[in-house]
Amino acid sequence: MMCSVRTITCLLRLSKSSVSTSVFWHGSQTRLFSTSRTCRTIMPAWVIDKYGSNDVLRFTKNASFPIINYPNEVIVKVSAAGLNPIDVSMRGGYGAATLSMKRDPLNINQSGSEFPLILGRDVSGVIMECGLDVKYFRERDEVWAAIPPWKQGSLAEFVVLSANEVSHKPKSLSHTEAAAMPYVATTAWSALVNTGGLNKDNCAKKRVLILGASGGVGTFAIQMLKAWGAHVTVTCSQNAERFVKGLGADHVVDYTAGPVEEPLSALEKFDLILDNVGGDTERWALNLLKPWTGAKYVTLVTPFLQNTDTLGIADGMMQTAATVATKAFKHLVKGVHYRWGFFAPSGPALDEIREMVDVGQIRPVVEETFSFSQVPQAMEKVEKGHARGKTVVQISKGGDDL
């Protein structure tokens, strides 16, 4: 395992404190990097030491400072962190079995080794340090990223990420605005582009239905699909109708007015359905697709993590595979495609999204902003649901003190 550049910097500083710039040889390349004034080993962060309700959140000034272990990693000083429903779920232990396997594939560490755990999947900030193989970023670059659930999160002063998970922040957005987008943006991108097969070149005049459109993924998906020329129908509550129409939705169906499948069945059939609701929707939603045209139903509400939490990794994965295969075959014979969508971290996807943001095609939707000391209140806000945009925590003012 490769030593951290920060560690090497500290050692050089201790041995030759009068030198302000050090030289490090890596193969045939000579790399210059600046020594830090102080070699930090701890930082402030909000952590959990066990799974549970909001009272497991604990503020500490002694969280471990992130270390660059691989040459393609960067350390980011966090300016703002966005919260998502997955943070509330992870606080309660959702997905713990699968995420533990991802963190420790060989099962070397003992159970509970993920603690203290830092939540927060969205980050906007400034690069403080780059690994030796990082070419696309430099120190002081302003960046944004969606942090994979198996990594330490953004409710801390610093976070370490792979360079391929990071993207330059849109110039038109503040850090607070930028922190509202990456996780929902990459989730929607994964569902609509990677799984649904849509893109800016084939989306024109496609009919898309978004079930549960007023949340973070839905509000982003509306804007991206409209920028690509699709016709977008959404379901939401009546008091969110003006909100989603303001984002570009062409047709809105109020799910509180009665069985939502009835007004939807009266409409022209769809090329793709994005389901953020789950539950009973699968029973009727696939009947709204155009048969034998390659139409797809993509749901983001899957039993994958619940299966592995309940049954264990091996049995849970077998149960999941059997479920999705059965459902896919059942609907394929009816001429439509059944798919599960998952979050996938992607710097390149955020690069494309950044361009759409900077030309005004997509805007962030920030519902409420909290200070770093108010993280428990911010989590409570997310836990209540029925959001009209994102909840963001301001961590620091940026990179002035790097």
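Use the structure listed above.
Residues numbered from 1 in each chain as written. Predicted model: local features only at pLDDT ≥ 70, side-chain atom pairs only at ≥ 80, totals over all residues. Heavy atoms only, no water.

## Focus: the pairing of strand β7 (residues 142-146)
- With four of its five residues buried, β7 lies for the most part within the structure.
- Examined bridge by bridge, β7 and strand β9 (residues 166-168) share three bridges and lie antiparallel to one another. Note that in β9 the partner of valine 143 across the bridge is histidine 168. (Buried < 20%, exposed > 50% of the residue type's maximum accessible area, 1.4 Å probe, protein only. Helix = DSSP H or I, 4+ residues; strand = E, 2+ residues; numbered from the N terminus. Pairing = 2+ DSSP bridges.)

## Structural notes on the sheet that holds strand β11 (residues 231-236)
- The strand order β12-β11-β10-β13-β14-β15 describes an open sheet built from six strands, whose pairing is parallel. Bordering the open sheet on either side are β12 (251-254) and β15 (337-340), each of which pairs with just one other strand. Across the sheet, the mean angle from the axis of one strand to that of its neighbour is 15°, orientation sign disregarded.
- Both strand β14 (residues 296-299) and β15 contribute to a ladder of four bridges, which runs parallel. If you follow valine 298 over to β15, its bridge partner there is arginine 339. (Axes fitted to C-alpha atoms, helices over the stretch in contact; angles between N-to-C directions.)

## Re helix α6 (residues 216-227)
- Between the first and last C-alpha of α6 there are 17 Å, a value that for twelve residues agrees with the 16 Å anticipated at 1.5 Å per step.
- Within α6, ten of the twelve residues are buried, leaving the element largely enclosed by the surrounding structure. (Expected span 1.5 Å × (residues − 1).)

## What to know about helix α5 (residues 182-195)
- With 14 residues, α5 ought to run about 20 Å at 1.5 Å a step, and its terminal C-alpha atoms sit 18 Å apart, in line with that.
- Helix geometry: α5 is bent most strongly at tryptophan 189, by close to 25°.
- Looking one or two residues beyond α5, the residue adopting positive phi is glycine 197, at roughly 80°. (Bend = angle between axes of the 7 residues up to and from the residue.)

## Some thoughts on empty space enclosed by the protein
- Overall, the coordinates contain one cavity of 30 Å³ or more when judged by the stated rule.
- Its volume calculated, the largest cavity comes out at about 60 Å³.
- If you go around the largest cavity, the residues you meet are Ala180, Met181, Val184, Gly216, Thr219, Phe220, Gln223, Arg363, Pro364, Val365 and Lys390.
- Per-element accounting of the lining of the largest cavity gives the leading share, four residues, to α6. (1 Å grid on protein atoms, 1.4 Å probe; cavity = no way out; pocket = protein on both sides within 12 Å on 5 of 7 lines; lining within 4 Å. Points joined across faces, edges and corners; volume = space filled by probe spheres on them.)

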